[in-house]
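Residue strings, one per chain:
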Amino acid sequence: MKIISERGFPQDDYEDFDDTPEENTEKTCLHPCVFRGKCVSCETVALKYVHQGMWLWHSKDEMDRIRKVESAKLLQDKKMVLVLDLDQTLVHTTEQEKYLKTPQELLQHELRDGLFRLSRPWERMMLKLRPSVHTFLKKASTMFEIYMCTTSTRSYALKATEFLDPESVYFMSSRIIAREDLLEIDEKSLDLVLKEERMVLILDDTVSVWSKHESNLIPVKKYRYFDSNHDWSVVSLSALGTDEGETTGALTTVLQQLKLIHRLFFNPKFEGGLQDRDVRDILNRLRVLQGCTLSFKHIFPADFRPENSRLWLMAEELGAKISMDNLINAVTHVVTWFATAEEFEEAKMEEIILVRPKWLRACYKALERVSEKDYLIKPKV
């Protein structure tokens, strides 16, 4: 039985209130006391910080001190930070009348689970959770401290969170950054995430809003369940009578990437503290062989687990997909010491590149996909 909830928004008594400072400056001071965005001693502009639903202010130096202390605690717990966008990343909403039906009508149309009707005096909307979002949040929370950053209002974000996190396990109010908290409503920032940027990952369907932090960003495919009011060229999932798959959807796919990044970030080879780790370096490395699918042939003994080898780990760090079956069409490279005449013919037909292991090591060292021409396997004459 599909459950469709109808809940009202709280009144937004502060929605029109704006206490954003008139100017923003990199200048800071050493005075710890700040009131309404300015130092009480020298009137230096400070940074806004959301704590338990209230807006507090700290000087930049104080924010940096808190950020360092909190990052060290998180590192001890072997956790990183994950900043999630809301709309079209975790949910999709619409105000179109054709979707604002009664629950009985919606059930007759056999719409999927995760559909909710929201209403308040001046507007009504339907909200659809992205498939597997609850599983995604549950598993991601074991590896990450989770924040939400949205250009939507706080009242809307809190209401959406009721459906995303009904038990209030993942999204603490102090970790929800909404429109009221942003200095520019069309520009998101990590300033209010009190952790070191080198341990922060961002998931968002819109790249342009993170112009200052693109190196921390993993773009996510837009979730478009309802028809668009603005782009009629996009066919929505509801119009097709389908939805993303629970096991093949975008959140399930990106969760596997997060697991890999977390494992690489806490690799035992980094014996030092946070100064020896940087998620931005990991993301850069993961882009080197993005789009390549590697297969290993004639490399490992039959009784050896190849996923434990250095070559396998290097390929993963460089963002390559790995298959042990070089008959799959998706394979782009076979890493091998030699090839039989039959394997050469097969590779030629499938347009697969046969390369020596040194090519993989060269890519790893150069931090780019080097030309394969100097590492090709040649047929014996």
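Please refer to the structure higher up on the page.
Before going into details, it helps to say that this report is about the structure given with it. Values in this document were obtained by computation on a predicted structure and should not be read as measured data.

## Brief notes about the overall build of the chain
Looking only at helices and strands, the chain has 9 helices and 17 strands in total. Taken across its 381 residues, the chain has 49% of its residues classed as buried. Taking all contacts inside the chain whose residues are at least 6 apart in sequence as the whole, residues at least 24 apart take part in 67%. Summed over its atoms, the accessible surface of the chain is roughly 20,600 Å², and 50% of this surface lies on carbon and sulfur atoms.

## Overview of the packing of helix α5 (residues 250–265) against helix α6 (residues 279–286)
Following both chains from N to C, one finds α5 and α6 inclined at 125°, their axes separated by 10 Å at the closest point. With respect to their mutual orientation, α5 and α6 come out oblique. Of the two possible hands of crossing, α5 and α6 adopt the one that is right-handed. Between α5 and α6, the residues in contact are Q257, L260, I261, L264 and F265 and V279, I282, L283 and L286, respectively. Of the residues that constitute the contact of α5 with α6, the class distribution is 8 nonpolar, 1 polar and no charged.

## Let's talk about the state of the cysteines
Going through the model one piece at a time under the given rule, you end up with 0 disulfides. Here C292 stays unpaired: no disulfide links it, and the sulfur of C363, its closest cysteine neighbor, is 8.0 Å away.

## Section: the sheet that holds strand β12 (residues 200–204)
Ordered in space as β11-β10-β6-β12-β13, the 5 strands form an open sheet in which the pairing is parallel. Taken across any chain shown, the strands that pair with only one partner, and hence form the sheet edges, are β11 (176–177) and β13 (217–219). The pairing of β12 with β13 spans 3 bridges and is parallel. Paired with I202 across the two strands is L217, which belongs to β13.

## A few points about the sheet that holds strand β17 (residues 353–355)
Taken together, the 4 strands give an open sheet; going across it, the order is β15-β14-β16-β17, and neighbouring strands pair in parallel fashion. The two strands at the open ends of the sheet, each matched to only one other strand, are β15 (321–323) and β17. The sheet shows a mean angle of 30° between the axes of neighbouring strands, direction not considered. Together, β14 (293–297), β16 (333–336) and β17 form the strand contacts of helix α9 (residues 357–366), whose direction differs from that of β16 by roughly 110°.

## Let's talk about the side chain of H213
With respect to the secondary-structure elements, H213 resides in the loop between β12 and β13. There is a polar contact of 3.3 Å between the side chain of H213 and the backbone nitrogen of L190. Filtering out sequence-adjacent residues up to four positions away, H213 remains in contact with K188, S189, L190, E197 and I202.

## Concerning the pattern of salt bridges
Enumeration over the complete set of coordinates arrives at 18 salt bridges. The residue R154 makes a salt bridge to D181 at a minimum N-O spacing of 2.4 Å. Of this pair, R154 sits in helix α4 (residues 154–164) while D181 sits in the loop between β11 and β12, and the two are 27 residues apart along the sequence. Each member of the pair R154 and D181 is classed as buried. Across the salt bridge formed by E197 and R280, the nearest N and O atoms sit 3.6 Å from each other. Within this pair, whereas E197 is found in the loop between β11 and β12, its partner R280 is found in helix α6, the two being separated by 83 residues in sequence. Residue E197 is classed as partly exposed on the basis of its relative accessible area of 29%.

## Structural notes on the packing of aromatic side chains
Counted by the stated rule, this structure contains 7 aromatic pairs. Taken together, a centroid distance of 6.0 Å and an interplanar angle of 25° make the contact between F296 and W312 stacked. Placement of F296 in strand β14 and of W312 in helix α7 (residues 310–317) is noted, with a sequence separation of 16 residues between them. Each member of the pair, F296 as well as W312, is classed as buried. Grouping aromatic residues by their ring pairs yields a cluster made of F296, F300, F304 and W312. Here the guanidinium or amino end of K128 rests over the ring plane of Y225, the centre of that ring lying 5.0 Å away. Positioned above the aromatic ring of Y364, the side-chain terminus of R285 is 4.4 Å from the ring centre.

Criteria and thresholds
Residues numbered from 1 in each chain as written. Predicted model: local features only at pLDDT ≥ 70, side-chain atom pairs only at ≥ 80, totals over all residues. Heavy atoms only, no water. Helix = DSSP H or I, 4+ residues; strand = E, 2+ residues; numbered from the N terminus. Buried < 20%, exposed > 50% of the residue type's maximum accessible area, 1.4 Å probe, protein only. Contact = heavy atoms within 4.5 Å. Areas by Shrake-Rupley, 256 points an atom, 1.4 Å probe, with all protein chains shown as cover. Axes fitted to C-alpha atoms, helices over the stretch in contact; angles between N-to-C directions. Parallel < 35°, antiparallel > 145°, perpendicular 65-115°, else oblique. Left-handed = near helix turned anticlockwise from the far one by under 90°. Nonpolar A, V, L, I, M, F, W, Y, C, P; charged D, E, K, R; others polar. Disulfide = S-S within 2.5 Å. Pairing = 2+ DSSP bridges. Polar contact = N/O pair within 3.5 Å; in protein donor to acceptor, adjacent residues only side chain to side chain. Salt bridge = Lys/Arg side-chain N within 4 Å of Asp/Glu carboxyl O. Phe/Tyr/Trp six-rings, centres within 6.5 Å; stacked < 30°, edge-to-face > 60°. Lys NZ or Arg CZ within 6 Å of the ring centre and 35° of its normal.

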